[in-house]
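One-letter residues, chain by chain:
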Amino acid sequence: MHTIAQLPDPDLERRAAVVRTAGPRCADGNGTLTPLFFSDDLVDIGRAKAICNKCTLRDNCLSDAMHREEPWGVWGGELLLNGR
């Protein structure tokens, strides 16, 4: 019986790059920007809100955070405190 080998997909890396760049900037997979979204510093909060303002997932992010009653942080461009 012969083994069928899978040929490499030349577009795989290009498609993977598109998926990586299409996601929200706040979820870079490394947690690099997480401190901005949970900071007490007004400059950091402003930066986090600016990132959210350009995100296509902003409305979903905010509604999900409100539903989960996130205790604090910037979610969907809004600063939540005590789940509000």
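It should be emphasised that the depicted structure is a prediction, and the values quoted were computed from it without experimental measurement.

Parameters and conventions
Residues numbered from 1 in each chain as written. Predicted model: local features only at pLDDT ≥ 70, side-chain atom pairs only at ≥ 80, totals over all residues. Heavy atoms only, no water. Helix = DSSP H or I, 4+ residues; strand = E, 2+ residues; numbered from the N terminus. Expected span 1.5 Å × (residues − 1). Buried < 20%, exposed > 50% of the residue type's maximum accessible area, 1.4 Å probe, protein only. Arc of directions from axis to C-beta. Pairing = 2+ DSSP bridges. Salt bridge = Lys/Arg side-chain N within 4 Å of Asp/Glu carboxyl O. Phe/Tyr/Trp six-rings, centres within 6.5 Å; stacked < 30°, edge-to-face > 60°.

Student: Honestly, helix 3 (residues 42-53) in this entry has me stumped. Any pointers?
Tutor: Think of an α-helix as 3.6 residues a turn; residues three or four steps apart then line up on the same face. Helix length check: helix 3 (twelve residues) gives 16 Å between terminal C-alpha atoms against 16 Å at 1.5 Å per residue, within 8%. Taken as a whole, helix 3 has its buried residues at Asp44, Ile45, Ala48, Ile51 and Cys52. Axial view of helix 3: buried residues confined to an arc of 120°, hence all on one face.

Student: Teacher, can you tell me more about the pairing of strand 2 (residues 78-81) here?
Tutor: Both faces of the sheet carry side chains from a regular strand, because those side chains alternate between them. Pairing analysis gives four bridges linking strand 1 (residues 72-75) to strand 2, with the strands arranged antiparallel. Counterpart to tryptophan 72 in the pairing with strand 2 is leucine 81.

Student: Whenever I open this one, the pattern of salt bridges confuses me. Can you help?
Tutor: One side chain can pair with another of opposite charge once the charged atoms of both are near each other. Inspection of the entire model under this criterion finds three salt bridges. Note that aspartate 44 is salt-bridged to arginine 47, the shortest N-O span being 3.9 Å. Of the two residues, aspartate 44 and arginine 47 are both situated in helix 3; the distance of three residues between them amounts to about one turn of the helix. Judged by its relative accessible area of 17%, aspartate 44 is buried. Take arginine 47: its relative accessible area is 49%, and that puts it in the partly exposed class. Here glutamate 78 makes a salt bridge to arginine 58, at a shortest N to O gap of 3.9 Å.

Student: What exactly am I supposed to notice about the packing of aromatic side chains here?
Tutor: Between two aromatic rings, the relevant description is the distance of the centres plus the angle of the planes. Evaluation of the coordinates by the stated rule reveals two aromatic pairs. Each ring, one from phenylalanine 38 and one from tryptophan 72, has its centre 5.3 Å from the other, and the planes form 75°; the classification is edge-to-face. Here phenylalanine 38, found in the loop between helix 2 (34-37) and helix 3, pairs with tryptophan 72, found in strand 1; they are 34 residues apart in sequence, far enough to count as distant. Ring centres of phenylalanine 38 and tryptophan 75 lie 5.9 Å apart, and the angle between their planes is 75°; on these two criteria the pair is classed as edge-to-face. Taken together, the positions of phenylalanine 38 in the loop between helix 2 and helix 3 and tryptophan 75 in strand 1 put the pair 37 residues apart, joining distant regions of the chain. Relative accessible area serves as the criterion here: at 30%, phenylalanine 38 is assigned to the partly exposed category.

Student: What is the right way to look at the environment of alanine 50 in this model?
Tutor: Relative to the assigned elements, alanine 50 resides in helix 3. Distance in space between the C-alpha atoms of alanine 50 and glycine 77 is 7.2 Å, their sequence separation being 27 residues.

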